[in-house]
Amino acid sequence: MSINDWLQERFDIEAVKSFAAKKQVPVFFGSVWYYLGGVSLFLFIIQVLTGILLALYYQPGAATSYESVKFIVSKVEFGWLMREIHSWSANLFVFTIFLHMFTVFFSKAYKKPRELTWLSGMMLLLLAMVFGFSGYLLPWNELAYFATKVGTDITGAVPFIGEFLSKLLRAGDDVSGATLTRFYSIHTAILPLVFIVFLGLHLTMIQVQGMHIPESMEKVPENKRKMMPFFPNFVLRDLIVWLIVLNIIALLAVFFPWELGLKADSLASAPAGIRPEWYFMFMFQTLKLLPAHILFIEGEVFGILLFGLGGAIWFLVPFLEKPKYSRLWTAFGVGILAYIITLTVWGYLV
Amino acid sequence: MTDSNHSQSSHTKTTSRRSFLDALFGVTLLGWLGAMIYPVFRFLVPPKRPDLNVSSLDAGLVASFKKNTSKIMRFGRKPVIIVRKKSGDFKALSATCTHLDCNVQFKQDTEQIWCACHNGLYDLEGRNISGPPPRPLTQFQVNLKDEKIFITKGEGV
């Protein structure tokens with residue numbers, strides 16, 4: 001009796017197989033974008049694995065964090081590799097999710113019936129950014145310390161609940177060792193749990209609804225469309241891409257290592273050239289450019305309200321877009337993308 | 001007739017009994033959820049730490065403080081930047097930028113206070129003169145006594 005038969009006698013494995021096999025991937029010039037979701041998933045898996053390894057040595061606390069990371073990268077065998085892979089893969093993770101999000105946006109794949117896939121995807125992007133923000137503090141170095149001070153202070157400017165939120169995040173009035181343990185818990189326990197729930201939702205919905213068909217292909221009759229079975233054809237291609245990505249990470253880890261820098265000191269002046277991670281740069285640069293007061297509110301509050309509004313609109317695109325104004329939304333997306341790229345580059349040049 | 005009347009009244013009786021039980025169940029559920037969530041929520045809020053009630057800070061000997069230099073020291077829990085000007089005078093200001101909470105630094109070439117995070121600039125009176133800071137830095141009083149520097153709350157030299 002084959003394993004398959006043995007399993008079939010216990011539950012309907014054929015149904016599971018046909019569920020996995022039913023998805024088809026459209027073959028066209030944009031097929032390459034269909035790898036981005038898979039790559040993001042792969043990078044998340046790398047994050048989980050290297051994160052678990054780092055947690056074996058990492059000790060959260062104002063007196064131990066910096067020292068334990070130093071220990072990992074200098075004493076533990078291949079510790080440097082694990083940390084470099086974790087940092088690089090984290091950056092690529094956010095990058096591919098952003099790319100994935102924009103390709104989905106511009107191909108209008110969020111339209112009915114995929115609104116919930118878009119919402120869960122946006123949640124995953126948001127969570128990835130919080131992952132990045134919370135992880136950035138963990139080495140407890142100067143750069144991370146001040147970036148976190150700024151980041152949590154920005155939270156404090158949110159109308160009404162800001163001060164409370166900021167206190168909740170900082171575990172007090174200021175960034176301290178208590179903030180560090182809180183961020184550690186958020187980074188390694190809370191976020192992974194929440195992330196996996198949304199990831200499960202996201203993937204299930206994609207599997208149930210199938211891949212989005214590009215508009216150019218919608219006019220072609222169904223039996224004439226060029227399609228490729230997701231399993232095993234596309235999955236095998238996915239695996240090759242994952243292998244390439246892993247090699248890229250290894251190269252980056254070896255040739256472009258992240259510095260640990262100086263240990264955080266609450267009595268040191270913020271160093272020149274302080275900056276957050278690149279995916280917060282456009283917001284950081286905007287805050288830098290805003291004057292102290294706009295109309296009757298403080299510049300930073302204005303900036304936060306602006307980003308909050310922009311984020312909410314972006315989240316709700318599937319519900320806000322009317323077919324009549326489809327092109328207008330594309331133009332809006334191009335504008336946002338151009339804004340993000342310009343401000344990011346500007347932030348690094350100045 | 002009597003039978004159907006009877007069954008109808010028993011029907012309304014069960015519905016009202018059911019809706020009563022539903023409501024009771026709902027209220028119990030809410031109470032139970034509240035009893036679960038409230039302690040967790042309170043746990044997340046960090047306990048208040050008492051103020052250190054520091055009234056003055058001994059910043060060391062005047063002689064050990066070179067002209068045109070600065071030092072950041074802790075006044076209670078908050079950092080204070082103490083500057084000795086080229087002229088030899090002292091200034092003490094809150095070291096926390098009013099924009100987004102970074103620690104400021106003393107710019108020796110222009111005798112100004114600068115925040116590296118978002119390019120905020122203050123003069124030595126603490127006034128926000130350019131960049132994003134919305135408010136001036138709080139001034140502290142500097143007293144010299146027996147060749148020693150003492151920082152206390154309140155404005156002026």
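Refer to the structure printed above.
Conventions we followed
- Residues numbered from 1 in each chain as written.
- Chains lettered and ligands numbered in written order.
- Predicted model: local features only at pLDDT ≥ 70, side-chain atom pairs only at ≥ 80, totals over all residues.
- Helix = DSSP H or I, 4+ residues; strand = E, 2+ residues; numbered from the N terminus.
- Buried ≥ 20, exposed ≤ 12 C-beta atoms within 10 Å, placed from the backbone.
- Contact = placed C-beta atoms within 7 Å.
- Expected span 1.5 Å × (residues − 1).
- Pairing = 2+ DSSP bridges.
- Nonpolar A, V, L, I, M, F, W, Y, C, P; charged D, E, K, R; others polar.

Novice: Whenever I open this one, the overall build of chain B confuses me. Can you help?
Specialist: In terms of regular secondary structure, chain B is built from one helix and 10 strands. The helix and strand sequence of chain B, counted from the amino end, reads α-β-β-β-β-β-β-β-β-β-β. For chain B, the spread of C-alpha atoms along the three principal axes comes to 110 × 35 × 20 Å. The 157 residues of chain B split such that 25% are buried. Counted over contacts in chain B with a minimum sequence separation of 6, partners at least 24 positions apart contribute 37%.

Novice: Where do I start with helix H3 (residues 36-55) of chain A in this structure?
Specialist: In an α-helix, one full turn covers 3.6 residues, which means residues spaced three or four apart are oriented alike. Taking 1.5 Å of rise per residue, the 20 residues of H3 of chain A would be expected to cover 28 Å, and the 28 Å separating its terminal C-alpha atoms lies within 8% of that figure. What H3 of chain A keeps buried is the set Leu36, Gly37, Val39, Ser40, Phe42, Leu43, Phe44, Ile46, Gln47, Thr50 and Leu54 of chain A.

Novice: Is there a simple way to explain the pairing of strand E6 (residues 112-115) of chain B in this structure?
Specialist: Across a regular strand the side chains alternate sides, sitting on one face of the sheet and then on the other. Residues and elements named next belong to chain B. Across three bridges, strand E5 (residues 105-107) lies against E6 in antiparallel orientation. Residue pairing in the sheet places Lys107 in a bridge with Gln112 of E6. In textbook terms, the turn of a hairpin is the stretch between consecutive antiparallel strands, and for E5 and E6 this stretch comprises four residues, one of which, Glu111, has a positive phi near 55 degrees. Of the pairings in the sheet, the one linking E6 to strand E7 (residues 120-122) comprises three bridges and is antiparallel in character. When the bridges of E7 are listed, Cys115 appears paired with Gly120. Hairpin remark: E6 followed by E7, antiparallel, with four residues in the connecting loop; positive phi at Asn119, about 65 degrees.

Novice: Would you mind showing me how to read the interface of chain B and chain A here?
Specialist: Often the size quoted for an interface is simply the accessible area lost on bringing the parts together. On the side of chain A, 28 residues touch chain B, which itself brings 25 residues to the contact. The dominant element in the side of chain B that touches chain A, judged by the number of residues it contributes, is strand E2 (residues 69-75) of chain B, at three residues. A per-class count over the side of chain B that touches chain A returns 15 nonpolar, six polar and four charged.

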